[in-house]
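Observations on the three-dimensional arrangement
Listed here are the chains, written in short residue letters.
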Amino acid sequence: MDTLTTLTKRWRSEQLMLPIWWEEGNLYLLDQRAFPFKKEVIHVSSLGILESAIRTMQIRGSGAIGLCGAYGLYLASRDEECTLSSLSEVAQVLISTRPTAINLSKTIHEILKFCEKSDLSLQEAIEQIVVIVLERQLTFERTLGAYGASLIDDGDSVLTHCHSGAYAGSGYGGRALSVIRAAWDMGKKIHVYVSETRPYLQGARITAFELGQLGIPCTLITDSSAAFLMQQGKIQKIVVGSDRVAGNGDLVNKIGTYMHALSANYHGIPFYTATSSHTIDFTLQDGLGCPIEYRDANEVKQIRGVPIALDETKAIYPSFDITPNVLIHGIITEKGVILAPYTKNLQVLKQEN
Ligand code: RUB
(Lines give C-alpha, C1' and ligand atoms only; values in the text may rest on other atoms or scores of the structure.)
Protein backbone atom coordinates (compact mmCIF):
# COMPACT_ATOMS: atom_id res chain seq x y z
CA MET A 1 0.00 0.00 0.00
CA ASP A 2 1.15 3.53 -0.78
CA THR A 3 2.34 5.96 1.86
CA LEU A 4 1.33 9.60 1.41
CA THR A 5 4.76 10.30 -0.09
CA THR A 6 4.60 7.49 -2.65
CA LEU A 7 0.99 8.33 -3.48
CA THR A 8 1.93 11.92 -4.36
CA LYS A 9 4.80 10.67 -6.54
CA ARG A 10 2.50 8.27 -8.38
CA TRP A 11 -0.22 10.88 -8.85
CA ARG A 12 2.30 13.39 -10.14
CA SER A 13 3.44 10.84 -12.73
CA GLU A 14 -0.23 10.50 -13.81
CA GLN A 15 -0.33 14.27 -14.54
CA LEU A 16 -3.08 14.91 -11.99
CA MET A 17 -3.79 18.53 -11.05
CA LEU A 18 -3.40 18.33 -7.29
CA PRO A 19 -4.97 21.00 -5.06
CA ILE A 20 -3.18 19.71 -1.94
CA TRP A 21 -0.39 17.17 -1.50
CA TRP A 22 2.18 15.66 0.86
CA GLU A 23 5.80 15.79 -0.29
CA GLU A 24 9.10 15.17 1.50
CA GLY A 25 7.52 15.35 4.92
CA ASN A 26 5.56 18.54 4.29
CA LEU A 27 2.03 19.53 3.32
CA TYR A 28 1.47 21.95 0.45
CA LEU A 29 -1.51 23.46 -1.30
CA LEU A 30 -2.09 25.71 -4.29
CA ASP A 31 -3.53 29.12 -3.44
CA GLN A 32 -6.68 29.18 -5.57
CA ARG A 33 -7.13 32.90 -4.91
CA ALA A 34 -4.14 33.53 -7.17
CA PHE A 35 -5.63 31.59 -10.13
CA PRO A 36 -5.51 31.94 -13.11
CA PHE A 37 -2.59 34.33 -13.27
CA LYS A 38 -0.23 32.63 -10.82
CA LYS A 39 0.37 29.21 -9.32
CA GLU A 40 1.33 30.05 -5.76
CA VAL A 41 2.25 27.18 -3.48
CA ILE A 42 1.55 27.52 0.24
CA HIS A 43 3.63 25.47 2.67
CA VAL A 44 1.13 24.30 5.29
CA SER A 45 3.49 24.14 8.24
CA SER A 46 0.77 24.33 10.90
CA LEU A 47 -2.87 23.56 11.47
CA GLY A 48 -3.52 27.29 11.84
CA ILE A 49 -2.33 27.86 8.27
CA LEU A 50 -4.58 25.08 7.00
CA GLU A 51 -7.59 26.34 8.95
CA SER A 52 -7.11 29.85 7.62
CA ALA A 53 -6.59 28.57 4.04
CA ILE A 54 -9.98 26.84 4.15
CA ARG A 55 -11.79 29.78 5.79
CA THR A 56 -10.36 32.33 3.34
CA MET A 57 -10.91 30.01 0.37
CA GLN A 58 -7.28 29.74 -0.61
CA ILE A 59 -8.43 26.17 -1.07
CA ARG A 60 -12.09 25.42 -1.78
CA GLY A 61 -14.48 23.03 -3.49
CA SER A 62 -16.25 20.29 -1.58
CA GLY A 63 -13.88 17.46 -2.48
CA ALA A 64 -10.71 19.45 -1.85
CA ILE A 65 -11.82 20.69 1.55
CA GLY A 66 -12.72 17.11 2.48
CA LEU A 67 -9.10 16.22 1.70
CA CYS A 68 -7.96 19.21 3.77
CA GLY A 69 -9.80 17.66 6.73
CA ALA A 70 -7.95 14.38 6.15
CA TYR A 71 -4.52 16.00 5.79
CA GLY A 72 -5.25 18.23 8.79
CA LEU A 73 -5.76 15.23 11.04
CA TYR A 74 -2.58 13.66 9.67
CA LEU A 75 -0.66 16.86 10.40
CA ALA A 76 -2.00 16.87 13.96
CA SER A 77 -1.09 13.20 14.47
CA ARG A 78 2.59 13.96 13.82
CA ASP A 79 2.76 15.80 17.13
CA GLU A 80 4.14 13.29 19.67
CA GLU A 81 1.58 14.39 22.24
CA CYS A 82 -1.38 13.81 19.98
CA THR A 83 -4.15 11.63 21.46
CA LEU A 84 -7.58 10.64 20.23
CA SER A 85 -9.07 13.30 22.44
CA SER A 86 -6.79 16.10 21.21
CA LEU A 87 -7.51 14.91 17.68
CA SER A 88 -11.26 15.34 18.31
CA GLU A 89 -10.62 18.96 19.27
CA VAL A 90 -8.65 19.53 16.07
CA ALA A 91 -11.53 17.87 14.20
CA GLN A 92 -14.06 20.34 15.63
CA VAL A 93 -11.97 23.33 14.58
CA LEU A 94 -11.52 21.96 11.05
CA ILE A 95 -15.22 21.16 10.71
CA SER A 96 -16.13 24.69 11.79
CA THR A 97 -14.21 26.28 8.90
CA ARG A 98 -16.94 25.75 6.29
CA PRO A 99 -20.42 24.49 7.17
CA THR A 100 -22.18 23.58 3.91
CA ALA A 101 -20.06 21.07 1.98
CA ILE A 102 -20.54 17.79 3.81
CA ASN A 103 -17.35 16.07 2.62
CA LEU A 104 -15.32 17.95 5.24
CA SER A 105 -17.20 16.69 8.28
CA LYS A 106 -17.91 13.23 6.84
CA THR A 107 -14.26 12.60 6.01
CA ILE A 108 -13.13 13.75 9.44
CA HIS A 109 -15.66 11.54 11.23
CA GLU A 110 -14.70 8.57 9.08
CA ILE A 111 -11.03 9.01 9.99
CA LEU A 112 -11.73 9.36 13.72
CA LYS A 113 -13.85 6.21 13.65
CA PHE A 114 -11.10 4.29 11.85
CA CYS A 115 -8.53 5.40 14.46
CA GLU A 116 -10.75 4.32 17.34
CA LYS A 117 -10.85 0.78 15.94
CA SER A 118 -7.27 0.50 14.68
CA ASP A 119 -4.44 -1.30 16.50
CA LEU A 120 -1.84 0.86 14.77
CA SER A 121 -0.28 3.97 16.30
CA LEU A 122 -2.40 7.08 15.74
CA GLN A 123 -0.04 8.43 13.09
CA GLU A 124 0.18 5.14 11.20
CA ALA A 125 -3.58 4.63 11.35
CA ILE A 126 -4.28 8.10 10.05
CA GLU A 127 -1.77 7.80 7.22
CA GLN A 128 -3.37 4.51 6.20
CA ILE A 129 -6.92 5.86 6.17
CA VAL A 130 -5.93 9.15 4.49
CA VAL A 131 -4.37 7.17 1.62
CA ILE A 132 -7.60 5.14 1.37
CA VAL A 133 -9.72 8.32 1.32
CA LEU A 134 -7.54 9.92 -1.39
CA GLU A 135 -7.52 6.83 -3.60
CA ARG A 136 -11.27 6.40 -3.21
CA GLN A 137 -11.97 9.97 -4.17
CA LEU A 138 -9.90 9.68 -7.33
CA THR A 139 -11.64 6.41 -8.23
CA PHE A 140 -15.05 8.03 -7.69
CA GLU A 141 -14.12 10.96 -9.94
CA ARG A 142 -13.05 8.66 -12.76
CA THR A 143 -16.00 6.29 -12.39
CA LEU A 144 -18.73 8.91 -12.15
CA GLY A 145 -17.06 10.79 -15.00
CA ALA A 146 -17.47 7.76 -17.26
CA TYR A 147 -21.14 7.29 -16.26
CA GLY A 148 -21.87 10.98 -16.77
CA ALA A 149 -20.12 11.10 -20.14
CA SER A 150 -22.74 8.72 -21.53
CA LEU A 151 -25.33 11.50 -21.06
CA ILE A 152 -23.38 13.96 -23.19
CA ASP A 153 -23.88 13.81 -26.96
CA ASP A 154 -21.33 14.56 -29.63
CA GLY A 155 -21.67 18.26 -30.49
CA ASP A 156 -23.29 19.31 -27.18
CA SER A 157 -22.64 22.62 -25.54
CA VAL A 158 -22.67 22.02 -21.80
CA LEU A 159 -23.15 24.72 -19.19
CA THR A 160 -21.33 24.36 -15.88
CA HIS A 161 -21.47 26.67 -12.89
CA CYS A 162 -18.80 27.44 -10.29
CA HIS A 163 -15.79 25.15 -10.32
CA SER A 164 -16.29 21.45 -9.84
CA GLY A 165 -13.00 20.26 -11.26
CA ALA A 166 -9.60 18.80 -10.45
CA TYR A 167 -8.55 21.60 -8.08
CA ALA A 168 -11.88 21.21 -6.24
CA GLY A 169 -11.36 17.47 -5.90
CA SER A 170 -8.51 15.01 -5.84
CA GLY A 171 -6.86 16.05 -9.11
CA TYR A 172 -8.69 14.37 -12.01
CA GLY A 173 -11.85 16.39 -12.57
CA GLY A 174 -13.75 16.84 -9.33
CA ARG A 175 -17.27 15.97 -10.34
CA ALA A 176 -18.78 18.13 -13.13
CA LEU A 177 -15.47 18.41 -14.99
CA SER A 178 -14.88 14.66 -14.60
CA VAL A 179 -18.01 14.18 -16.71
CA ILE A 180 -16.90 16.77 -19.25
CA ARG A 181 -13.32 15.48 -19.33
CA ALA A 182 -14.47 11.88 -19.82
CA ALA A 183 -16.83 12.89 -22.64
CA TRP A 184 -14.00 14.80 -24.32
CA ASP A 185 -11.59 11.89 -23.89
CA MET A 186 -14.19 9.62 -25.55
CA GLY A 187 -13.83 11.82 -28.62
CA LYS A 188 -17.10 13.75 -28.26
CA LYS A 189 -16.71 17.19 -29.78
CA ILE A 190 -18.16 19.27 -27.00
CA HIS A 191 -18.03 22.88 -25.96
CA VAL A 192 -18.48 24.24 -22.44
CA TYR A 193 -20.18 27.46 -21.32
CA VAL A 194 -18.62 28.57 -18.05
CA SER A 195 -20.62 30.95 -15.87
CA GLU A 196 -18.31 33.33 -14.06
CA THR A 197 -19.82 32.70 -10.57
CA ARG A 198 -19.91 36.01 -8.77
CA PRO A 199 -18.44 37.05 -6.40
CA TYR A 200 -15.43 34.70 -5.95
CA LEU A 201 -15.44 34.01 -9.73
CA GLN A 202 -14.68 30.30 -9.54
CA GLY A 203 -15.92 29.90 -13.13
CA ALA A 204 -13.87 32.67 -14.68
CA ARG A 205 -10.72 32.12 -12.66
CA ILE A 206 -10.59 28.35 -12.20
CA THR A 207 -12.99 26.41 -14.45
CA ALA A 208 -12.01 28.28 -17.62
CA PHE A 209 -8.35 27.94 -16.66
CA GLU A 210 -8.62 24.20 -15.99
CA LEU A 211 -10.58 23.52 -19.20
CA GLY A 212 -7.89 25.47 -21.06
CA GLN A 213 -5.21 23.26 -19.56
CA LEU A 214 -7.14 20.22 -20.79
CA GLY A 215 -7.62 21.74 -24.25
CA ILE A 216 -11.43 21.59 -23.97
CA PRO A 217 -13.09 24.50 -25.82
CA CYS A 218 -15.01 26.82 -23.54
CA THR A 219 -16.66 30.22 -23.49
CA LEU A 220 -16.96 32.39 -20.40
CA ILE A 221 -20.33 34.05 -19.74
CA THR A 222 -21.75 36.26 -17.02
CA ASP A 223 -24.05 34.34 -14.69
CA SER A 224 -27.02 36.29 -16.00
CA SER A 225 -26.42 35.27 -19.65
CA ALA A 226 -27.32 31.63 -19.13
CA ALA A 227 -31.12 31.87 -19.53
CA PHE A 228 -30.77 33.88 -22.73
CA LEU A 229 -28.37 31.33 -24.21
CA MET A 230 -30.79 28.54 -23.32
CA GLN A 231 -33.60 30.43 -25.04
CA GLN A 232 -31.37 30.78 -28.11
CA GLY A 233 -30.83 27.00 -28.21
CA LYS A 234 -27.13 27.32 -27.46
CA ILE A 235 -27.05 25.02 -24.43
CA GLN A 236 -27.97 21.32 -24.61
CA LYS A 237 -27.01 20.04 -21.13
CA ILE A 238 -26.17 21.44 -17.71
CA VAL A 239 -23.77 19.64 -15.37
CA VAL A 240 -22.80 21.01 -11.97
CA GLY A 241 -21.07 19.53 -8.91
CA SER A 242 -22.53 19.25 -5.43
CA ASP A 243 -21.67 20.41 -1.95
CA ARG A 244 -24.40 18.30 -0.39
CA VAL A 245 -27.30 16.22 -1.66
CA ALA A 246 -30.22 15.59 0.71
CA GLY A 247 -31.78 12.13 1.03
CA ASN A 248 -34.62 13.24 -1.30
CA GLY A 249 -32.22 14.43 -4.01
CA ASP A 250 -32.41 18.17 -3.31
CA LEU A 251 -29.08 19.69 -4.31
CA VAL A 252 -27.10 22.21 -2.27
CA ASN A 253 -24.49 23.84 -4.49
CA LYS A 254 -22.89 27.17 -5.34
CA ILE A 255 -25.21 30.19 -5.32
CA GLY A 256 -26.70 30.54 -8.79
CA THR A 257 -27.17 26.81 -9.36
CA TYR A 258 -30.90 27.04 -8.57
CA MET A 259 -31.35 29.87 -11.07
CA HIS A 260 -29.72 27.78 -13.83
CA ALA A 261 -31.88 24.76 -12.93
CA LEU A 262 -35.06 26.85 -13.11
CA SER A 263 -34.11 28.23 -16.52
CA ALA A 264 -33.16 24.78 -17.77
CA ASN A 265 -36.47 23.36 -16.61
CA TYR A 266 -38.42 26.09 -18.40
CA HIS A 267 -36.53 25.42 -21.63
CA GLY A 268 -36.68 21.61 -21.35
CA ILE A 269 -32.90 21.25 -21.03
CA PRO A 270 -31.58 18.35 -18.92
CA PHE A 271 -29.96 19.53 -15.68
CA TYR A 272 -27.63 17.07 -13.93
CA THR A 273 -25.59 17.16 -10.76
CA ALA A 274 -22.46 15.05 -10.44
CA THR A 275 -21.80 13.75 -6.97
CA SER A 276 -20.74 10.64 -5.08
CA SER A 277 -21.92 8.63 -2.12
CA HIS A 278 -19.88 10.59 0.40
CA THR A 279 -21.72 13.80 -0.54
CA ILE A 280 -25.22 12.40 0.07
CA ASP A 281 -26.54 13.40 3.47
CA PHE A 282 -29.13 10.80 4.38
CA THR A 283 -29.76 12.57 7.70
CA LEU A 284 -31.31 15.44 5.72
CA GLN A 285 -34.84 14.74 4.53
CA ASP A 286 -34.67 17.70 2.18
CA GLY A 287 -32.30 20.48 1.19
CA LEU A 288 -34.02 23.15 3.26
CA GLY A 289 -32.50 21.62 6.40
CA CYS A 290 -28.92 22.17 5.18
CA PRO A 291 -26.84 24.87 6.88
CA ILE A 292 -26.13 27.55 4.27
CA GLU A 293 -22.92 29.51 4.64
CA TYR A 294 -23.18 33.30 4.42
CA ARG A 295 -19.84 34.94 3.66
CA ASP A 296 -18.62 38.48 4.16
CA ALA A 297 -21.02 40.78 2.28
CA ASN A 298 -18.14 43.11 1.46
CA GLU A 299 -17.04 40.53 -1.12
CA VAL A 300 -20.17 41.46 -3.15
CA LYS A 301 -19.21 45.12 -3.10
CA GLN A 302 -15.86 44.59 -4.75
CA ILE A 303 -14.22 42.61 -7.51
CA ARG A 304 -10.79 41.35 -6.56
CA GLY A 305 -10.28 44.19 -4.11
CA VAL A 306 -11.62 46.96 -6.36
CA PRO A 307 -14.79 48.58 -4.92
CA ILE A 308 -17.87 48.52 -7.18
CA ALA A 309 -20.37 49.99 -4.71
CA LEU A 310 -20.41 52.68 -2.10
CA ASP A 311 -19.28 51.75 1.38
CA GLU A 312 -22.75 52.42 2.78
CA THR A 313 -24.50 50.12 0.26
CA LYS A 314 -25.97 47.09 1.97
CA ALA A 315 -25.10 43.68 0.50
CA ILE A 316 -25.73 40.04 1.32
CA TYR A 317 -23.72 36.97 0.25
CA PRO A 318 -25.35 33.57 0.63
CA SER A 319 -22.66 31.27 -0.72
CA PHE A 320 -24.89 28.31 -1.66
CA ASP A 321 -28.47 27.67 -2.74
CA ILE A 322 -30.88 24.76 -2.77
CA THR A 323 -32.17 23.24 -6.01
CA PRO A 324 -35.35 21.19 -5.46
CA ASN A 325 -35.16 17.59 -6.71
CA VAL A 326 -37.97 18.10 -9.26
CA LEU A 327 -35.62 20.28 -11.32
CA ILE A 328 -32.93 17.58 -11.48
CA HIS A 329 -32.92 15.24 -14.47
CA GLY A 330 -30.46 12.79 -12.96
CA ILE A 331 -27.82 12.46 -10.25
CA ILE A 332 -24.51 11.20 -11.63
CA THR A 333 -22.66 9.03 -9.12
CA GLU A 334 -19.92 6.40 -8.93
CA LYS A 335 -22.69 3.78 -9.03
CA GLY A 336 -24.33 5.12 -12.17
CA VAL A 337 -26.88 7.79 -13.01
CA ILE A 338 -29.66 7.85 -10.42
CA LEU A 339 -33.09 8.91 -11.62
CA ALA A 340 -36.19 10.01 -9.69
CA PRO A 341 -37.78 9.03 -7.34
CA TYR A 342 -34.59 9.97 -5.51
CA THR A 343 -35.61 9.10 -1.95
CA LYS A 344 -35.97 5.50 -3.07
CA ASN A 345 -33.29 5.30 -5.74
CA LEU A 346 -30.48 7.02 -3.80
CA GLN A 347 -30.65 4.18 -1.28
CA VAL A 348 -28.24 2.23 -3.48
CA LEU A 349 -25.52 4.60 -2.21
CA LYS A 350 -26.41 4.32 1.45
CA GLN A 351 -24.04 1.53 2.47
CA GLU A 352 -21.12 3.69 1.31
CA ASN A 353 -21.80 6.24 4.05
C1 RUB B 1 -17.70 25.16 -4.48
C2 RUB B 1 -18.90 24.73 -5.18
C3 RUB B 1 -18.70 23.71 -6.20
C4 RUB B 1 -18.86 22.42 -5.49
C5 RUB B 1 -18.97 21.29 -6.38
O6 RUB B 1 -17.98 26.16 -3.55
O7 RUB B 1 -20.00 25.10 -4.92
O8 RUB B 1 -19.68 23.81 -7.20
O9 RUB B 1 -17.86 22.26 -4.53
O10 RUB B 1 -17.77 20.78 -6.80
P11 RUB B 1 -16.78 26.96 -2.92
P12 RUB B 1 -17.49 19.24 -6.48
O13 RUB B 1 -15.98 27.50 -4.06
O14 RUB B 1 -17.47 28.02 -2.12
O15 RUB B 1 -16.01 26.00 -2.07
O16 RUB B 1 -18.78 18.52 -6.54
O17 RUB B 1 -16.56 18.82 -7.58
O18 RUB B 1 -16.86 19.21 -5.15
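Owing to the predicted nature of the structure, the values given are computational and were not obtained by experimental measurement. (Residues numbered from 1 in each chain as written. Predicted model: local features only at pLDDT ≥ 70, side-chain atom pairs only at ≥ 80, totals over all residues. Heavy atoms only, no water.)

**Some remarks on the packing of aromatic side chains**
Under the definition given, this model contains five aromatic pairs. Look at F35 and F209: their rings are 5.2 Å apart centre to centre, the planes differ by 50°, and that puts the pair in the tilted class. Here F209 lies in helix α8 (residues 202–214) and F35 lies in the loop between β2 (26–30) and β3 (41–44), a separation of 174 residues in the sequence. In terms of burial, F35 and F209 fall into one category: buried. Look at Y167 and F209: their rings are 6.4 Å apart centre to centre, the planes differ by 15°, and that puts the pair in the stacked class. (Phe/Tyr/Trp six-rings, centres within 6.5 Å; stacked < 30°, edge-to-face > 60°. Helix = DSSP H or I, 4+ residues; strand = E, 2+ residues; numbered from the N terminus. Buried < 20%, exposed > 50% of the residue type's maximum accessible area, 1.4 Å probe, protein only.)

**Quick word on the packing of helix α3 (residues 62–77) against helix α5 (residues 102–117)**
Close contact between α3 and α5 brings their axes to 7 Å; oriented N to C, the two are set at 30°. What the angle tells us is that α3 and α5 run roughly parallel. Seen from above, α3 lies across α5 with right-handed handedness. Where α3 approaches α5, its residues S62, G63, I65, G66, G69, A70 and L73 are matched on the opposing element by N103, L104, T107, I108, I111 and L112. (Axes fitted to C-alpha atoms, helices over the stretch in contact; angles between N-to-C directions. Parallel < 35°, antiparallel > 145°, perpendicular 65-115°, else oblique. Left-handed = near helix turned anticlockwise from the far one by under 90°. Contact = heavy atoms within 4.5 Å.)

**Some remarks on the layout of surface pockets**
Considering only enclosed or pocket space, the largest pocket measures out at about 280 Å³ in volume. Lining the largest pocket are 14 residues, with P199, Y200, E299, Q302 and R304 positioned closest to its centre. Residue classes in the lining of the largest pocket are distributed as five nonpolar, three polar and six charged. (1 Å grid on protein atoms, 1.4 Å probe; cavity = no way out; pocket = protein on both sides within 12 Å on 5 of 7 lines; lining within 4 Å. Points joined across faces, edges and corners; volume = space filled by probe spheres on them. Nonpolar A, V, L, I, M, F, W, Y, C, P; charged D, E, K, R; others polar.)

**Side note on the site of the ligand**
Lining the immediate environment of the ligand, one finds 19 residues, of which S62, S164, Q202, D243 and K254 sit closest. One nitrogen or oxygen atom from the main chain of S242 is found 2.9 Å from an oxygen atom belonging to the ligand. Taken by itself the ligand offers 440 Å² of open surface, and the protein chains cover 100% of this. Mapping the ligand onto the cavity grids shows that it belongs to the largest cavity. Looking at the shell around the ligand residue by residue, the classes come out as four nonpolar, ten polar and five charged. (Near = heavy atom within 4 Å. Polar contact = N/O pair within 3.5 Å; in protein donor to acceptor, adjacent residues only side chain to side chain. Areas by Shrake-Rupley, 256 points an atom, 1.4 Å probe, with all protein chains shown as cover. Sits in = over half its atoms within 2 Å of the grid points.)

**A word on unusual backbone geometry**
Residue P199 is bonded to the preceding R198 through a cis peptide linkage, with omega at 0°. Tracing the backbone shows P199 in the loop between β5 (191–195) and α8. Backbone torsion omega between A340 and P341 reads 5°, so that peptide bond is classified as cis. Residue position: P341 is located in the loop between β16 (336–338) and α11 (342–345). Located in the positive-phi region is Q15, a residue other than glycine, with phi close to 60°. Secondary-structure assignment places Q15 in the loop between α1 (4–13) and β1 (20–23).

**Observations concerning empty space enclosed by the protein**
Any empty space left between atoms is shown by rolling a water-sized probe over those atoms. Scanning the entire structure with this criterion turns up three cavities of 30 Å³ or more. A volume near 220 Å³ is recorded for the largest cavity. Looking at the largest cavity, it is lined by 27 residues, and the ones nearest its centre are R60, G61, S62, H163 and D243. Elements with a contribution of two residues or more to the lining of the largest cavity: α3 and β9 (251–254). In terms of residues, the lining of the largest cavity owes the most to one element, α3, which gives three residues.

**What to know about the side chain of S263**
As for its position among the elements, S263 is in helix α10 (residues 257–267). Beyond its immediate sequence surroundings of up to four residues, S263 is in contact with A227 and M230.

**Focus: the pairing of β5**
The side chains of a regular strand alternate, first on one face of the sheet and then on the other. When you tally the buried positions in β5, you get five out of five residues, the bulk of the element. Residues H191, Y193 and S195 point to one face of β5 and V192 and V194 to the other, with burial holding for every one of them. Inspection of the sheet shows strand β4 (residues 157–161) paired to β5 by five bridges, in the parallel sense. Bridging across to β5, V158 finds its partner in V192. Each parallel crossover has a hand, and the one from β4 via helix α7 (residues 176–185) to β5 is right-handed. Note: β5 against strand β6 (residues 218–221), four bridges, orientation parallel. Residue pairing for β6: S195 is matched across the bridge by I221. Note that the unit made of β5, α8 and β6 has a crossover that is right-handed. (Pairing = 2+ DSSP bridges. Right-handed = clockwise from strand over helix to strand, strands pointing away.)

**A closer look at the packing of α7 against α8**
A pair of packed helices is characterised by two quantities: the angle between their axes and the separation of those axes. Packing of α7 against α8 brings their axes to within 12 Å, and their N-to-C directions diverge by 25°. One finds that α7 runs roughly parallel with respect to α8. Crossing hand, α7 versus α8: right-handed. Contact residues: α7 offers L177, I180, R181 and W184, while α8 offers T207, E210, L211 and L214. A class-by-class count of the residues in the contact of α7 with α8 yields five nonpolar, one polar and two charged.

As far as function goes, none of this settles anything; it's purely spatial.
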